[in-house]
Amino acid sequence: MGETGVASDLPAGLGVFVEAAIAALGSTLRSAVLFGSAAEGRLRPTSDVNVILVLRAFDIDRMDKLREPLQLTAAAARVAPMFVLEDELASVETAFAVKFMDIGHRRRVLYGDDPFAALEIPRAATIARLRQVLLNLLLRLRERYVSLSLNEDRLALVLANMAGPLRAAAATLLALEGKPQMAPREALEAIAKETGGEAIGAALRVLSQVRETGEAPAGAARDSTIALLDLIPRMLARAAALADSP
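This one's a predicted model, so the numbers in the text were calculated from it and none came from an experiment.

Points about the sheet that holds strand 4 (residues 107-112)
Okay, step 1: Across the sheet, 4 strands lie side by side as 3-2-1-4; this open sheet has mixed pairing. Looking at which strands have only one partner, the edges of the open sheet turn out to be strand 3 (79-85) and strand 4. Taken pair by pair, the neighbouring strands of this sheet meet at an average axis angle of 20°, ignoring direction.
Okay, step 2: Relative to strand 4, strand 1 (residues 29-35) is paired through 5 bridges, and the arrangement is antiparallel. Residue pairing across strands places phenylalanine 35 opposite arginine 107, the latter belonging to strand 4.
Okay, step 3: Across the sheet, helix 1 (residues 14-25) lies against strand 1, strand 2 (49-55), strand 3 and strand 4, angled at about 15° from strand 2, the strand it touches most.
Okay, step 4: Against the sheet, helix 3 (residues 67-77) contacts strand 2 and strand 3, and its axis sits at roughly 135° relative to strand 3.

As for the packing of helix 6 (residues 123-148) against helix 10 (residues 220-244)
Okay, step 1: Close contact between helix 6 and helix 10 brings their axes to 9 Å; oriented N to C, the two are set at 155°. It follows from the interaxial angle that helix 6 and helix 10 lie roughly antiparallel. Helix 10 is crossed by helix 6, and the crossing has left-handed handedness.
Okay, step 2: Among the residues making up the contact of helix 6 with helix 10, the classes are represented as 19 nonpolar, 1 polar and 4 charged.

Some remarks on the side chain of threonine 28
Okay, step 1: With respect to the helices and strands, the residue threonine 28 is situated in the loop between helix 1 and strand 1.
Okay, step 2: Ignoring any residue separated from it by four or fewer positions in sequence, one finds threonine 28 in contact with Val54, Leu55, Arg56, Ala57, Asp59 and Arg62.

Thoughts on unusual backbone geometry
Okay, step 1: A positive phi angle, close to 60°, is found at arginine 78, a residue other than glycine.
Okay, step 2: Its location among the elements puts arginine 78 in the loop between helix 3 and strand 3.
Okay, step 3: Note on arginine 78: relative accessible area 33%, which makes it partly exposed.

Focus on the pairing of strand 2
Okay, step 1: When you tally the buried positions in strand 2, you get 6 out of 7 residues, the bulk of the element.
Okay, step 2: Note that strand 1 and strand 2 share 6 bridges and pair antiparallel. Across the sheet, residue phenylalanine 35 finds its bridge partner in strand 2, namely asparagine 50.

So, how was this worked out
- Residues numbered from 1 in each chain as written.
- Predicted model: local features only at pLDDT ≥ 70, side-chain atom pairs only at ≥ 80, totals over all residues.
- Heavy atoms only, no water.
- Pairing = 2+ DSSP bridges.
- Helix = DSSP H or I, 4+ residues; strand = E, 2+ residues; numbered from the N terminus.
- Axes fitted to C-alpha atoms, helices over the stretch in contact; angles between N-to-C directions.
- Contact = heavy atoms within 4.5 Å.
- Parallel < 35°, antiparallel > 145°, perpendicular 65-115°, else oblique.
- Left-handed = near helix turned anticlockwise from the far one by under 90°.
- Nonpolar A, V, L, I, M, F, W, Y, C, P; charged D, E, K, R; others polar.
- Buried < 20%, exposed > 50% of the residue type's maximum accessible area, 1.4 Å probe, protein only.

Structure, rendered in structure tokens:
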């Protein structure tokens, strides 16, 4: 533990940032919560270190003291904080239901209490947000394919950045369908198996490789993008079916 009680086994730079947040924000900081792949010890070179700071107030003078530590850790360790006021939690959880369903299952409290211990998101809001997330991913991926399909390196980075949201959407979809709770990566793999097709299975293997190394085999980024452009509409159709069911 550090002097302020922050665990010493955190991803590089995150402990420094949380210590700085505690010192700068003082009593306005209620909680610091790590979420996503870093929270379950599966951080990859291309992964952001996602942390939520739940605040009692957004005090400008105190926040200004956090600017330099954030700039340093964001550049050196990909620390990516979200600042949420405690009285905004219910609204934010509903508005970003897919992200917060994932947080409900993959989080680690670094400081303060657990603001998500009683997390409960309305089913209708979760379905609506899931459809929005999938549609946004689909539209972005189409544009990225048209503009970058001849640039494998940049297209591979697009896939790396898309992996997290797509996996979280898969886990949310299966949970809404009443399936046992699964980790996001395994959930997407399960959907791919149900969908069938070697191209989609190969695309997910490339997705994992890109997340781990930042690179894809020659030609694989383009082929994987095409496969995902087939998979995401199938997931959207399943989400739409949920909305139409009682």
